[in-house]
Each structure stands twice: as structure tokens, then as C-alpha cells.
Amino acid sequence: MSASNSDVPVSNFLRTIIENDLSANKFQNKRWAGRPGPLSVQQDAPRDSARIRTRFPPEPNGYLHIGHAKSICLNFGLARDYGGECHLRFDDTNPEKEEQAYVDSIIDTVKWLGFDWNYDGTEHLYFASDYFQFFYEFALALIESGDAYVDEQSPEQIRENRGTLTAPGVDSPWRNRPVEETLTLFREMRAGKHPNGSLCLRAKVDMKSPNINMRDPVIYRIRHEAHHRTGMDWPIYPMYTFAHPLEDALEMITHSICTLEFEDQRPFYDWVIDKLIALGHLPEQRPHQYEFARLNLNHVVTSKRRLKRLVDDHFVEGWDDPRMPTIMGLRRRGYTPEAIRLFCERIGVSKADSRIDYNILEQALRDDLDPKVDRAVAVLDPIRLIITNYPEGQSELCQAPKHPHNPEQGLREFPFSRELWIEREDFMENPPKKYFRLFPDNLVRLKYAYIVKCTGFKQDEDGNVIEVYAEYLPDTKSGTPGAASVKVKGTITWVSVPHADEVEVKLYDRLFTVENPDAGGQDFLEFINPDSVKTVTGFIEPGTTITPGARWQFERLGYFYVDGEAQDKTVINRSTTLRDNWV
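Residues numbered from 1 in each chain as written. Predicted model: local features only at pLDDT ≥ 70, side-chain atom pairs only at ≥ 80, totals over all residues. Heavy atoms only, no water.

The condition that has to hold: UniProt positions are given in the numbering used here, feature names are shortened, and annotations may be inferred rather than shown by experiment.
Under an unreviewed UniProt entry, the chain has the name Glutamine--tRNA ligase and belongs to Oligella urethralis DNF00040. In its Subunit (unreviewed entry) section, the UniProt record describing the chain reads: "Monomer." As recorded by UniProt, the Sequence similarities (unreviewed entry) comment attached to the chain reads in full: "Belongs to the class-I aminoacyl-tRNA synthetase family."

**Focus on the sheet that holds strand E9 (residues 236–238)**
Going by this rule: Strand pairing is defined by DSSP finding a minimum of two bridges between the two strands. A helix here means a DSSP run of H or I that spans at least four residues, while a strand means a run of E at least two residues long, and both kinds are numbered starting from the N terminus. In this analysis, axes come from line fits to C-alpha atoms, helices being fitted only over the stretch in contact, and the angle between any two N-to-C directions falls in the range 0 to 180 degrees. Contact definition: two residues touch when any of their heavy atoms are within 4.5 Å.
Read across the open sheet, the 4 strands follow the order E6-E7-E8-E9; overall the sheet is antiparallel. The open sheet is flanked by strand E6 (148–151) and E9, the only strands paired with a single partner. Within the sheet, the average angular offset between the axes of one strand and its neighbour, ignoring direction, is 20°. Taken together, the 3 bridges between strand E7 (residues 200–203) and strand E8 (residues 218–222) define a ladder with antiparallel strand orientation. Directly across from Arg202, in E8, lies its bridge partner Val218. Those strands touched by helix H5 (residues 132–144) are E6, E7, E8 and E9, and its axis lies near 120° from that of E8.

**Let's talk about the nonpolar core**
This is how it is decided: Nonpolar core, defined: a set of buried Ala, Val, Leu, Ile, Met, Phe, Trp, Tyr and Cys residues in which side-chain atoms within 4.5 Å join the residues together. A 1.4 Å probe rolled over the protein chains alone gives each residue an accessible area, and that area as a share of the maximum for its type sets the label: buried under 20%, exposed over 50%, partly exposed in between. Domain extents, as shown, originate in an automatic or database domain assignment.
Phe135, Phe186, Leu201, Tyr220 and Leu282 are the most contacted members of the largest nonpolar core, which has 43 residues in total. Elements with a minimum of two residues in this core: H5, E6, helix H7 (179–190), E7, E8, E9, helix H8 (240–250) and helix H9 (266–278). Residue contributions to this core peak at 9 residues, all from H5. Split by domain, the residues of this core number at least three in each of domain 1 (13–26 + 49–128 + 241–296) and domain 2 (133–238). The contact partners of Leu282, leaving out residues within four places of it in the chain, are Leu39, Phe138, Leu246, Ala249, Leu250, Ile273, Leu276 and Ile277. One finds Phe90, Leu295, Leu330 and Ile340 within the second-largest nonpolar core, a separate group that totals 40 residues.

**Topic: the side chain of Thr326**
Relative to the helices and strands, Thr326 resides in the loop between helix H10 (304–312) and helix H11 (327–333). Setting aside residues no more than four positions away along its own chain, Thr326 makes contact with Tyr63, Leu64, His65, Trp319 and Asp320.

**Remarks on the sheet that holds strand E20 (residues 443–446)**
Overall, mixed pairing links the 7 strands, which are arranged E23-E20-E21-E22-E16-E19-E24 in an open sheet. The sheet is open, and its two edges are formed by strand E23 (491–492) and strand E24 (495–496), each paired on a single side. Bridge analysis of strand E19 (residues 419–423) against E24 gives 2 bridges, and the strand direction is antiparallel. Opposite Leu420, over in E24, you have Ser496 as the bridge partner.

**Re the UniProt feature "binding site: L-glutamine" (unreviewed entry) in the chain**
Look at the UniProt record and you will see "binding site: L-glutamine" (unreviewed entry) annotated at Asp91 and Tyr240. A maximum C-alpha distance of 7.8 Å is found for the annotated residues, which run over 150 residues; spatially they form one tight group. Along the polypeptide, Asp91 turns up in the loop between strand E2 (85–90) and helix H4 (100–112). In contact with Tyr240, not counting residues within four places along its chain, are Asp91, Pro245 and Phe262.

**Some details on the pattern of salt bridges**
Rules: We define a salt bridge as a side-chain nitrogen of Lys or Arg found within 4 Å of a carboxyl oxygen belonging to Asp or Glu.
Taken as a whole and assessed by the stated rule, the structure comprises 46 salt bridges. Residue Asp130 is joined to Arg229 by a salt bridge in which the shortest nitrogen-to-oxygen separation is 3.0 Å. Note that Asp130 is positioned in the loop between strand E5 (125–127) and H5 and Arg229 in the loop between E8 and E9, a separation of 99 residues in sequence. Overall, Asp130 belongs to the partly exposed group, its relative accessible area being 37%.

**A closer look at the pairing of strand E11 (residues 288–292)**
Formally: Whether a crossover is right-handed depends on one test, that the path from the first strand over the helix to the second runs clockwise when the strands point away from the viewer.
In terms of burial, E11 is a largely internal element, 4 of the 5 residues being buried. When strand E10 (residues 255–259) meets E11, the two strands line up parallel, connected through 5 bridges. Among the inter-strand pairings, Thr259 is bridged to a residue of E11, identified as Phe292. Once the chain exits E10 it traverses H9 before rejoining the sheet at E11, and the crossover so formed is right-handed.

**Some remarks on the pairing of E2**
A regular strand places its side chains so that they alternate between the two faces of the sheet. Within E2, 6 of the 6 residues are buried, leaving the element largely enclosed by the surrounding structure. On E2, burial covers both faces: Glu85, His87 and Arg89 on one face and Cys86, Leu88 and Phe90 on the other are all buried. Looking at chain direction, strand E1 (residues 53–56) and E2 are connected through 4 bridges and run parallel. Within E2, the position partnered with Thr54 by the bridge is Cys86. Handedness of the crossover is the feature at issue here: the chain leaves E1, passes through helix H3 (residues 66–81), returns alongside E2, and the resulting connection is right-handed.

**Some thoughts on the environment of Arg332**
By the element assignment, Arg332 lies in helix H11. On the accessibility criterion, Arg332 (15% relative accessible area) is buried. As a C-alpha pair, Arg332 and Phe27 span 305 residues in sequence and 42 Å in three-dimensional space. In contact with Arg332, other than residues within four places in its own chain, are Asp320, Pro322, Tyr561, Asp563, Glu565, Ala566 and Asn573.

This is the structure we're talking about:
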């Protein structure tokens, strides 16, 4: 299962629950037949060698985003840390929206994050569709026990008769339909004899319950739709609220960890399991649902509907656009699995909703990459600096460490010449106080090279500076005895004009200008950041290996990554700046 960023996991309420359960030997009699199944499969099985079982249960109707990463790290991490196993299970009970492409993407993403679902020689990859026959048999059992009935009300009538938070629901006229009649109708639904929406199966619970979710929820509906795995075999599909507890029970899950929006569903989760235990269909070793606060990240939306609108209306270039909060988008931007795991570890787990500052995500990437990646110099907003007293056609090598804190990684070499590219912001004609870079008559250090004195500049007809002139001090080269002979306050980076490699760089930033773009029902599209991406032509020091997947810290500029998915050309993406620019 692997994937750990810390030897000492941070405690939280879920860890406390698990530790208390294990201390009380709560699962000492738990059995596991090596495969999911009802009581008839598990009752004579050997004791489970996994101390706990968790699951990550995505629906394959979209791509995983940073919020899912929190759940992945939590479920797989808890199982790893407590000698258990985490199942990867696809909740594929909604055929209209699910595709094999999403399944493949989710599998790839979980593996990329550093987790797997192999335990004790067995791969625990499951699908709700594996259990369709079980679900059907459980529904028949509930009908036979008088705990479910076929309703002929329309969806609109069911919704209207459900009641409100202050008014109880109204019983369906078919609530007391005879068992045999309900069995016949449900079998006809299974046989495909009724059209979509004409009938549904409801659990018979309590139409006056203060919890609306307990007012005879629908547990099966008719859908004549092709399923990505079962085709047209099933014209009826279980509702998620019915399937979810059954999946957990069949897989012998011990701790079913959900986000807070499922808290109100927990009573029905327990009702379903308790009924089928009492009817002899499920093992008494039952799963329990626990809820934690979902991830709310500033400057981000994670609603699938809103993300889809961003894609469909071409506000972004696709689901893997590096501005998207999808894992595939973050991956293209240059995020590492280690950084995402570190982020999830730092934000912790709680029962209280809160918003997480985007900089915590960026800082996790900085902290992961800083000790790892080589340094390089790039100029992304270039202006030409001409060293007027340096011989034309001459060049010499300068040296710099590949990594300033890891001398064992060696040195890199790059040429110095008469004409250099520098950042436009490193020259000002009339600078403010405490500006220590180039301006007329000022001295600065060209990093890894010489001290130079600014002697002038050239403007175009619109008044834009297009060239800066300077003279170098020959005895001040870095690494020589004269390097410290002249004191300067400013240091700037540069690359040699005739030697630099030209590159296309995409400068990515936050997609939204406000922290909570979809708060209060406002139109989140009104807050799209017009500067969320800028494409520039820059120059990088020669000798830098520019291959897909390469990454560096460009000195003074941030962390950058060669986009392996860019089409027909090499593109370098800015993953993050060196510091938070949004404070």
C-alpha cells in the first residue's frame, strides 16, 4: 500500500476511533473469505488477517480532484498504518453518467499518488456492479419481510409527499400493497416490463421521521440504459443510499469513512444493514460509517457540475488543464504525488468545515521540490543587457552549483558573453528607494559572473526600454579572489544571448480571483482570473536538459516542469512561484 510522508502520523478523531476499536478487540472474530459476499460466503471463512478494512469508493462519472486526494490519502493511509487493507471500489450504479475512461483514469490517479489495493497476495479492486445480483436478492428479502414496497407515484408526487423539515410526509397509497403483489411487480421491473419512471421500490421506514432521509427512501429505480460493464442486463439499478451500506457489508469494511454530507444518511445506512443482518443475509460483524469534513480550498471549485461547465464552455482547455483542481491537471502543472500527500497530511482531518488557503497546497510543493530539484537560470521577460567593454565574439564559462544545499550533485557550467538577457524588472530608469538592481550609475552583481555598472539605456519610439548598457569590472568574477573587492547590494540573474535556449513557458496562476467563487449562489464564472495563464517566450541557460517530465527551480522565479502532455511542441509550465504572491 506504501506512500508515506511522515514516520509519525498526526492524530485525529478517526485514528482515535480505530485505536479504541483495536484495543477493545472489536474485530477479533471478523472473517474474510478472500472475496466479498453475504453471510453465506463469510460465515465459515477464516479470520481476517487485515486488522481493519477501509475503502475509497469513487463513482466513475468524472475525474478525481484535490478533494478526492484527501479521501484517498486518508483511507489508504489509515489501512496502511493500522495493518489493514483499503479497497478501491467503483460505485457504478448510475449508468447514464459512467464510463470506462473514468475508471481507467481513477485507477491511474490512485496509483500515481502512490497507493495500491493489493493485500496478502490479493488485489482488492471491486465494482458495485459486481454485486447487482446480491442487491436484487436483498431487495426481495426486504419485500418479503414487509420492509419494502413498489410505489406507482411519479417522482414529482413522491417529492411532494415527502414533506418538509417542519411537516411530516404523507404515506403513499401503495405503502401497504400486499407482499405478493409487490414481489410480482418488482420481478417485472427486473424483467424490463415497465418503462422508466413508472415504478420504483421504496424502503418502508417512517414517513413522519424528523430525518427526511428516513421517509421511505427510494431504493430501486427503472433505468433502461446501457451500463459500461453489464450492458443491458439490468433495467433496474439500486440507489446509492441503498447500495453503499451493502457494498461495505459485502466487503467486510470496518470503517466506512465519508464526508459530512452523508451524516444525515447514516441512520438509513444502519437501517439497511441491521434489517439484513436480522434477516440472516449479512454477517453480524457490521461496518460503521464515520464522517469528516470535506476539503474546501480557496480559489477553487470542485463541484463536478461546475468543473464540467469550465471545460464545456472552454474557460479551460480540458479536464487536465493545469489550472484545474483535478489530479490530472495538477500533475500536468508539475505537482508531485509526494507534495499532494504532504498537503493532505498538513490539513489534517476534522469534523468541522473550514476553508484551506491555497498557499498551503503550493507550499507543500515547494517543500517537496526544494531539496530535490536542480537549479537553473531562466529569463522570462527578457531585455537585452550589453556589456560595452567586453570583447565582441568572446565568451567564458561561469560555474554554479546544481543544487546549493547538495554539493555532491556537482556544478553546472554556462557561458558569459557581451550580450545577455536579463529580466525587464531588473532595470529601472528612475527607481524607488531600496531598489538595488540596475539603474544608471548603479553597481550590481551578475550572479555567478561579474559586477557591472549601468552606463545607459536605449528606448524605442514609444519610450519602452529595449536595451541596457553596462561596463563590467574584470577582476570581480565570482569564485575569484577579487569577487569580494567591491561591495554591492543587488544581484540579478542572466543568460547569454548567443548561447541561451529559447523556450515557451506558461505562467499559471489561480483560476479565480476570490477565495470562495461559488459562495452564496453567485455565478462563479464572474470571478475567472483573466491572468490565470500567460504564455511567454523566454530563454534558459544552455545545457539544461529539456525533456518531458523534467523539473527545476528557476532561480528567483519558481518551480517549473516540462509538460509531457503538450501537443507538438515543448512547453514548460510554472508549477508555483517561490513564495505566495496573493498575500
